[in-house]
Amino acid sequence: MKKILFLVLLLFSCNKSNINWSDIAFEDISTISNDKNIMLYFYADWWGPCKMLDADTFSNQNVANYTNQNFINFKINAESKSGVKLFNEFKG
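Rules used throughout
Residues numbered from 1 in each chain as written. Predicted model: local features only at pLDDT ≥ 70, side-chain atom pairs only at ≥ 80, totals over all residues. Heavy atoms only, no water. Phe/Tyr/Trp six-rings, centres within 6.5 Å; stacked < 30°, edge-to-face > 60°. Helix = DSSP H or I, 4+ residues; strand = E, 2+ residues; numbered from the N terminus. Buried < 20%, exposed > 50% of the residue type's maximum accessible area, 1.4 Å probe, protein only. Polar contact = N/O pair within 3.5 Å; in protein donor to acceptor, adjacent residues only side chain to side chain. Contact = heavy atoms within 4.5 Å.

**Observations regarding the packing of aromatic side chains**
Next up, step 1: Counted under the stated rule, the structure contains six aromatic pairs.
Next up, step 2: Judged by centre distance (4.9 Å) and plane angle (80°), the ring pair of Tyr41 and Phe58 falls under edge-to-face. In this pair, Tyr41 sits in strand S2 (residues 37-43) while Phe58 sits in helix H1 (residues 50-58), placing the two residues 17 residues apart along the sequence.
Next up, step 3: Residue classification places Tyr41 among the buried residues on the basis of a relative accessible area of 0%.
Next up, step 4: Relative to Phe87, the ring of Phe42 has its centre 5.2 Å away and its plane inclined at 75°; by these criteria the two rings are edge-to-face. Residue Phe42 is found in strand S2, and its partner Phe87 is found in helix H3 (residues 81-89); the two are separated by 45 residues along the sequence.
Next up, step 5: What makes Phe42 buried here is its relative accessible area of 0%.
Next up, step 6: Members of the aromatic cluster, each reached through a chain of ring pairs, are Trp21, Tyr41, Tyr43 and Phe58.

**Remarks on the side chain of Asn73**
Next up, step 1: You can see Asn73 is positioned in strand S3 (residues 71-77).
Next up, step 2: Since its relative accessible area comes to 2%, Asn73 is described here as buried.
Next up, step 3: In this structure the side chain of Asn73 is engaged in a polar contact, spanning 3.3 Å, whose partner is the backbone oxygen of Asn20.
Next up, step 4: Discounting residues that sit within four places of it in the chain, Asn73 has contacts with Ile19, Asn20, Trp21, Ser22, Met39, Thr67 and Asn68.

Here it is, written out as structure tokens:
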């Protein structure tokens, strides 16, 4: 069973990230055949701290390299239909 790093972050829509976000639907995670852990990044378009997170964390190449090498990264809009379901499922 894969371990999941649950990052409860409701953040403003971000574009400056160096993180490789998975384009696989979270529901299809069982099709991924590797031993990487999973990072769930929940965001909302209205939350301001995203700019600081992008500037200080997700844009940092060392952080991005570590995250990209060790995790399958999912960026999930916590206000989308599927995002609300996942956010509630993980008790965000």
